[in-house]
Amino acid sequence: MADHPPRAAYTVGSLLAVTVQVFNERGYDGTSMEDLSRAAGISKSSIYHHVRGKEELLRLAVGRALDALFAILDEPAAAAGRPVDRLEHVVRRTAEVLLAELPYVTLLLRVRGNTGTEQWALERRRDFDHRVAELVQDAVAAGQLRADVEPRLATRLLFGTVNSLVEWYRPGQRGTEALPDAVARFAFEGLRAR
């Protein structure tokens, strides 16, 4: 009898990585538990050993992305200093989180509010956006950003730029290690008050 290496045991983390990949490929609504068990190479009952179901997997996945984004707002460089510097830090770090957590952030950006978990995720995203918009308003009020661009519009433009990375960035591309700095430089050279 030949010795076979033991199959790696699944953890919630490893199951989540497979799940996010399948959700991003097929869409949350288009993914069944059978699809997930096939992709993971384990039975559906093994999945249920770790989680209650598909929606819990979605909540864990988008929660991971949201937690990483909200953690940025608690960093010292985001909490103290000139508003424009704090905002630039948040934008740069958001791009870094997006690159580091690409599959999770991609999934977060694709939720549409069809389930309770998706509605929760959208509400948290709105809260994050609102907190960043306050930073933009503070920077405008301090004369550090252009006053001729409405703060909510500036916030949408900033994060539209950052969030667009999920559409074209692929890990391992040459020159992308400088991407967060390039995004911040591009955005703030156009937004800073002269």
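Our structure's up above, just so we're on the same page.
Computed from a predicted model, the values in this text were never measured in an experiment. Each chain carries its own residue numbering, running from 1 in the written order of its sequence. Totals for whole chains, interfaces and linings use all residues, but because this is a predicted model, local features are given only for residues with pLDDT of at least 70 and pairs of side-chain atoms are given and counted only at 80 or more. The side-chain figures draw on all heavy atoms in the structure; neither hydrogens nor water molecules are used.

### Focus: the packing of helix H4 (residues 54–73) against helix H8 (residues 116–141)
Packing of H4 against H8 brings their axes to within 10 Å, and their N-to-C directions diverge by 10°. The orientation of H4 relative to H8 falls into the category roughly parallel. Residue-level contacts link Glu55, Leu58, Arg59, Val62, Gly63, Leu66, Asp67, Leu69, Phe70 and Leu73 of H4 to Gly116, Thr117, Glu118, Trp120, Ala121, Arg124, Arg125, Asp127, Phe128, Arg131 and Val132 of H8. Only the stretch in contact is used when a helix axis is fitted, and all axes are lines through C-alpha atoms; the angle between N-to-C directions ranges over 0 to 180 degrees. Under the DSSP-based scheme used, a helix requires at least four consecutive residues in state H or I and a strand at least two consecutive residues in state E, with every element numbered from the N terminus. Angles are sorted into four bins: roughly parallel if under 35 degrees, roughly antiparallel if over 145, roughly perpendicular if 65 to 115, and oblique for all others. Working rule for contacts: check all heavy atoms of both residues, and any pair within 4.5 Å makes them a contact.

### Considerations on the nonpolar core
Formed by 61 residues in total, the largest nonpolar core has its most connected members in Leu87, Val90 and Phe188. Once you skip the residues sitting within four places of it in the chain, Val90 turns out to touch Ile72, Leu73, Ala78, Phe128, Val132, Leu135 and Phe159. Here, the term nonpolar core denotes a set of buried Ala, Val, Leu, Ile, Met, Phe, Trp, Tyr and Cys residues that are joined through side-chain atoms within 4.5 Å. Exposure classes here rest on a 1.4 Å probe applied to the protein chains alone. A residue is buried below 20% of its type maximum, exposed above 50%, and partly exposed in between.

### Some details on the side chain of Thr19
Among the structural elements, Thr19 can be located in helix H1 (residues 12–26). There is a polar contact of 2.8 Å between the side chain of Thr19 and the backbone oxygen of Leu15. For Thr19, the contacting residues outside a window of four places in its chain are Leu36 and Leu57. By the criterion applied in these results, polar contacts are pairs of N or O atoms within 3.5 Å in which, for protein atoms, one can donate a hydrogen and the other can accept it, and in which residues neighboring in sequence qualify only through two side-chain atoms.

### Re a negative patch on the surface
Within this analysis, patches are made of residues with over 30% relative accessible area and no salt bridge. Like charges are joined at 9 Å or less; nonpolar side chains (Val, Leu, Ile, Met, Phe, Trp, Tyr) at 5 Å or less. The protein chains shown are the only cover counted for residues, whose accessible areas, like all others here, come from Shrake-Rupley with a 1.4 Å probe. Salt-bridge detection follows one rule: a side-chain nitrogen of Lys or Arg within 4 Å of a carboxyl oxygen of Asp or Glu. Positive charges come from Lys and Arg, negative ones from Asp and Glu, while His and the chain ends are left out of the count. By convention, the point assigned to a charge is CZ for Arg, NZ for Lys, CD for Glu and CG for Asp. A cluster of acidic residues, Asp127, Asp129, Glu134 and Asp138, forms a negative patch at the surface. With respect to the helices and strands, the residue Asp127 is situated in helix H8. The exposure class of Asp127 is partly exposed, given its relative accessible area of 35%.

### Thoughts on the environment of Gln21
Tracing the backbone shows Gln21 in helix H1. The spatial distance from the C-alpha of Gln21 to the C-alpha of Thr106 is 9.9 Å, given a sequence separation of 85 residues.

### Focus on the environment of Gly13
Mapped onto the secondary structure, Gly13 falls in helix H1. Distance from Gly13 to Leu60, taken between C-alpha atoms, is 9.4 Å for residues 47 residues apart in sequence.

### A closer look at the pattern of salt bridges
Within this structure, the stated rule accounts for 15 salt bridges. The shortest N-O distance in the salt bridge between Asp85 and Arg82 comes to 2.9 Å. Here Arg126 ties to Glu123 by a salt bridge, and the two come within 3.1 Å at their closest N and O atoms. Taken together, the positions of Arg126 and Glu123, both in helix H8 and 3 residues apart, correspond to about one turn of that helix. Relative accessible area serves as the criterion here: at 47%, Arg126 is assigned to the partly exposed category. Judged by relative accessible area, which is 47%, Glu123 ranks as partly exposed. When salt bridges with common partners are traced through the structure, they connect Arg26, Glu34, Asp35, Arg38 and Lys44 into a single cluster.

Don't take any of this as a statement about function, it's just geometry.
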